[in-house]
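Listed below are the residues making up each chain.
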Amino acid sequence: MHRPLARAPLRSVADYLCKSKHSLLLQERRNVAENLGFYRALMTTKGVEFLAHGTESTTRSLQMKIVDSLRLGERSKASNLLLDLGHANHSLRPDDFVHILNYCSRSPDPLFVMETWRLMEEREIGIDKLCYLLIIQALCKGGYLEEALNLINFFGEKHGVYPILSVCNTFLRACAKMRSMIHANQCLDLMEHRMVGKNEVTYSELLKLAVWQQNLSAVHEIWEDYIKHYSFSIIPLRKFIWSFTRLGDLKSAYETLQNMVALALRGSIFINRTAEGKLYSSRLDIPIPSNEALGSMKFHLEGNEQSIPSVDSKKFNCFPSNIEQCNLSMENSEAESSGISWVSKSETMPVTKILRWSFNDVIHACAHARNCGLAEQLILQMKNLGLQPSSHTYDGFVRAVVSEKGYNYGMEVLKVMQQRNLKPYVSTLATLSMGCSKALELNLAESLLDQITESPYPHSYNACLAACDRLDQPERAVQILAKMKHLKILPDIRTYELLFSLFGNVNAPYEEGNMLSQVDAGKRITAIEMDMARNGFQHSHLSMKNLLIALGAEGMIRELIQYLRVAENLFCCNNTFLGTVMYNTVLHSLVEAKEILLEDENFDEALNLLDQAFSEGHDLDVLLFNTILQKACQRGRIDVIEFIVERMHQEKIQPDPSTCHYVFSAYVDQGFHSTAVEALQVLSMRMLSEEVGTHDEKTQIEDDFILAEDSEAESRILQLFMNSEENVAVALLNLRWCAILGFSTCRSPDQSPWAVRLARNYDTRKGN
């Protein structure tokens, strides 16, 4: 049995590429020689017939009947015919099963290939390399990686048929498709042990594995090894460009693309088509043996840095009005212009297709990186080469430029596409529509959405809904939702976040809720939540926040508290907390509602929320406390004011000018003038606490600002406003005004009788 090796992801890639060996096995020499002509023979059925020695087997007719039965789904009949084939009177050879195995490989049909192989084992029919490859191909394509690996080892141990490079490449290709790093590492270990070597196909499969692992370092490592043993070729370069762009390395992708362009201009392309129309490299792919010279290689990994080449914007200044006429001043412009003649001869030339594919990959990578300048450079380089951009090209280009240059530039690109009779992709229209929505150009955004006949994603519609929300146009949002429903576009969580903001409350801004509007709002919220449940969505922080804001705006305090408890339970289960913003939202809604100041029950609820928010480590801002103080001042609730002021002090939240105003006004309105001045002094000193520390500093401030008798004292204080020190200036003016009224200055605000009383009452309320 093959013993699986535990290994870090893709570590075997590096081990396989560079681990040293001290001898070249005789079997490896044989593999290298046999592989040179082996792949081409497998590309068509004619090749299979050639490898079967070109003779018409006596069992060919029976093989074809088995294949026909499999095609028709008559598996029992196929199995019976296979048994008939196995009981033939004459001795059987591997050729007598090759058509069956070939069909199973192409289908794929891993179960029937195993049935065929078991029959061959029972009849002790030797396995040649063609049958070996076809059996492994069928298992790999069918996803039976463990069985394929076991057979590879079994064939080597029992039949002496050791892994050939094509078999290993087939297995690695299946590992990349199935995303099985464990099996890939086992295969690489086996290749290293048997010294199978590698070729350009091997590099291609290793790249797929590295991209799936998101391992940019491995891609660079494979690149360094590749360029040491191969000269540049178009198709491998395309695969490296694809890998670099998928992993966000725009710089390496751009540089590799320029190598491809230079190679194409020299005419070194080596591209042909298979019978199925697939492109492949026509140059001789001589496998690289695993020898001591390869083992001495050392890789210099570049890490996962995603550096982007700098672009001179002056060279690539392309305005929307003359996008078709703008010229590019580049070092390679003359060389590239000379390539127009051969590139533009035929748009169906293989090299033209591959070049365009690679340009598209890099342009789309520019869109992800938001590199508008490089995207413009690449579009103009394509023009100089005679490569006509496709709809796919423009899709990436629009996405790259709209984020930086705005929707107007993108609309000009759309006009160019229309002039060239190129139909824009859905994603192109969606990108432009989102750009228009961001600029609040809803008419244009909707007209672009009307051109989208089908779309799997709701992003562009969400952008329109967000614009409706900003413009306070819920009626228009209803029309957009109707379009989504007509196109059967499923909403995502962002859609629901916007729906709560748009439709959660009924009344227009600044209008108070009433019984009718509250009932209507409740129905809307219920409908939105039911739709969320049908589509499998739970509340996000933002959707819950918007829901709480809607309830608060309607004055639905009981429901507000209920949903807050629901949110606490929901996010607690997900190991997250509500956050400062959520508590601020609820507390602001509570103090805005009239009921909180008419019943101490609701006030206690607000205080409990404050306690909970602080216990979870959330930093509540002074604005929240000022809102409570403002409402308490309006209602004459001195007890509320004193508790909140002391709570701010306990939590080390500095008062601001608004705090001083509300507290002072509340005492004055109730006729407590001396207490009002004392409170103003304490709060003003607390505003200066970060500015004034030592005794000498306090004395200096008193002499220069508070107790100064010269006529310039107020001017010096007012100068602080010019220096953006508003809080300090207000505090000093307050203290100077108190001193002018004849009140003595208290250097230690916490020793003020008023402050001491507030602290004592606070401790009593908290039970300390």
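Values in this document were obtained by computation on a predicted structure and should not be read as measured data.

Asks: Break down the overall build of the protein for me, citing the residues and quoting the values.
Replies: On a plain count of helices and strands, the protein comes out with 41 helices and two strands. By sequence separation, contacts in the protein at least 24 residues apart represent 73% of the contacts at least 6 residues apart. Total accessible area on the protein is roughly 37,200 Å²; 52% of this is exposed by carbon and sulfur atoms.

Asks: Help me get a handle on the environment of threonine 585, residues and values and all.
Replies: Topologically, threonine 585 is positioned in helix 31 (residues 580–592). In this structure the C-alpha to C-alpha distance between threonine 585 and isoleucine 549, which are 36 residues apart in sequence, comes to 6.4 Å. Residues contacting threonine 585, with those up to four places away along its chain left out, are Lys545, Leu548 and Ile549.

Asks: Residues and numbers for the pattern of salt bridges, please.
Replies: Counted under the stated rule, the structure contains 24 salt bridges. The partner of glutamate 412 in a salt bridge is lysine 415, and the shortest N-O contact between them spans 3.6 Å. Taken together, the positions of glutamate 412 and lysine 415, both in helix 22 (residues 407–419) and three residues apart, correspond to about one turn of that helix. A residue is classified by how much of its surface remains accessible, and lysine 415, at 44% relative accessible area, is partly exposed. With its nearest N and O atoms 3.2 Å apart, the salt bridge here joins glutamate 559 to arginine 558. Salt bridges linked by common partners bring Glu446, Asp450, Arg476 and Lys483 together as one network.

Asks: Please set out the packing of helix 25 (residues 459–471) against helix 26 (residues 474–486) residue by residue, giving values where relevant.
Replies: Taken N-terminus to C-terminus, the directions of helix 25 and helix 26 make an angle of 170 degrees; their axes are 9 Å apart at the nearest point. Taken together, the axes of helix 25 and helix 26 lie roughly antiparallel to each other. Contact residues: helix 25 offers Tyr461, Cys464, Leu465 and Cys468, while helix 26 offers Arg476, Ala477, Ile480, Leu481, Lys483 and Met484. In terms of residue class, the contact of helix 25 with helix 26 is built from eight nonpolar, no polar and two charged.

Asks: I'd like a rundown of the side chain of serine 105, residues and numbers included.
Replies: When you line up the elements, serine 105 lands in helix 6 (residues 98–106). Classification of serine 105 as buried rests on a relative accessible area of 2%. The residues touching serine 105, leaving out its near neighbours within four places in the chain, are Leu134, Gln137, Ala138 and Lys141.

Asks: Go over the confidence of the model for the protein, please, and point to the residues and values.
Replies: Atomic detail in the predicted coordinates should be set aside for any region of low pLDDT. Chain-level statistics for the protein give a pLDDT mean of 78 and a share of 73% at 70 or above. Looking over the protein, one finds the lowest element-wise mean pLDDT in helix 16 (residues 292–295), namely 33, and the highest in helix 25, namely 95. Note on residues 1–14: pLDDT under 50 across the span, and 29 contacts to partners over four residues away in sequence or across chains. Confidence drops under pLDDT 50 across residues 595–599; counting only partners more than four residues distant or on other chains, this segment forms twelve contacts.

Asks: Describe helix 25, naming the residues involved and giving the relevant values.
Replies: Between its terminal C-alpha atoms helix 25 stretches 19 Å, which fits the 18 Å expected from 13 residues at 1.5 Å a residue. Turning to helix 25, its buried residues number three or more, namely Ser460, Tyr461, Asn462, Ala463, Cys464, Leu465, Ala466, Ala467 and Cys468. In this structure, the buried residues of helix 25 make contact with helix 23 (426–438), helix 24 (442–450), helix 26 and helix 27 (493–503).

Asks: Could you give an account of a nonpolar patch on the surface, with specific residues and numbers?
Replies: Together, Trp737, Leu741 and Phe743 give the surface a local cluster of nonpolar side chains, amounting to about 270 Å² of exposed area. Assessed through its relative accessible area of 45%, leucine 741 is described here as partly exposed.

Asks: Please set out the packing of aromatic side chains residue by residue, giving values where relevant.
Replies: Across all of its chains, the model carries 17 aromatic pairs by this definition. Ring geometry for tryptophan 117 and phenylalanine 154: centres 5.6 Å apart, planes at 90 degrees, overall edge-to-face. Within this pair, whereas tryptophan 117 is found in helix 7 (residues 110–122), its partner phenylalanine 154 is found in helix 9 (residues 145–159), the two being separated by 37 residues in sequence. Classification of tryptophan 117 by relative accessible area gives buried; the value is 12%. Owing to a relative accessible area of 26%, phenylalanine 154 belongs among the partly exposed residues under this scheme. A ring pair is formed by tyrosine 132 and phenylalanine 155, whose centres lie 5.3 Å apart and whose planes are at 90 degrees; its orientation type is edge-to-face. Pair noted here: tyrosine 132 is in helix 8 (residues 129–141) and phenylalanine 155 is in helix 9, with a separation of 23 residues, a long-range link. Both residues of the pair, tyrosine 132 and phenylalanine 155, belong to the buried class. Following the ring pairs from residue to residue traces out a cluster consisting of Tyr203, Trp223, Tyr226, Tyr230, Phe232, Phe240 and Phe244.

Asks: So, the environment of arginine 370: which residues are in play, and what are the values?
Replies: Along the chain, arginine 370 falls in the loop between helix 19 (350–369) and helix 20 (372–385). Its relative accessible area of 61% is what places arginine 370 among the exposed residues. Beyond its immediate stretch of four places on either side in the chain, arginine 370 contacts Ser403 and Glu404.

Asks: Please set out the environment of aspartate 395 residue by residue, giving values where relevant.
Replies: Within the secondary structure, aspartate 395 is located in helix 21 (residues 391–405). According to the relative accessible area criterion, aspartate 395 is buried, its value standing at 3%. Between the alpha carbons of aspartate 395 and serine 427 there is a distance of 7.0 Å; along the sequence they are 32 residues apart. If we ignore the near neighbours within four places in the chain, the residues touching aspartate 395 are His364, Tyr425, Ser427 and Thr428. Reaching out from aspartate 395, the side chain makes a polar contact with the side chain of threonine 428 at a distance of 2.7 Å.

Parameters and conventions
Residues numbered from 1 in each chain as written. Predicted model: local features only at pLDDT ≥ 70, side-chain atom pairs only at ≥ 80, totals over all residues. Heavy atoms only, no water. Helix = DSSP H or I, 4+ residues; strand = E, 2+ residues; numbered from the N terminus. Contact = heavy atoms within 4.5 Å. Areas by Shrake-Rupley, 256 points an atom, 1.4 Å probe, with all protein chains shown as cover. Salt bridge = Lys/Arg side-chain N within 4 Å of Asp/Glu carboxyl O. Buried < 20%, exposed > 50% of the residue type's maximum accessible area, 1.4 Å probe, protein only. Axes fitted to C-alpha atoms, helices over the stretch in contact; angles between N-to-C directions. Parallel < 35°, antiparallel > 145°, perpendicular 65-115°, else oblique. Nonpolar A, V, L, I, M, F, W, Y, C, P; charged D, E, K, R; others polar. pLDDT = per-residue confidence, 0-100. Expected span 1.5 Å × (residues − 1). Patch = residues over 30% accessible without salt bridge, like charges linked within 9 Å, V, L, I, M, F, W, Y side chains within 5 Å. Phe/Tyr/Trp six-rings, centres within 6.5 Å; stacked < 30°, edge-to-face > 60°. Polar contact = N/O pair within 3.5 Å; in protein donor to acceptor, adjacent residues only side chain to side chain.

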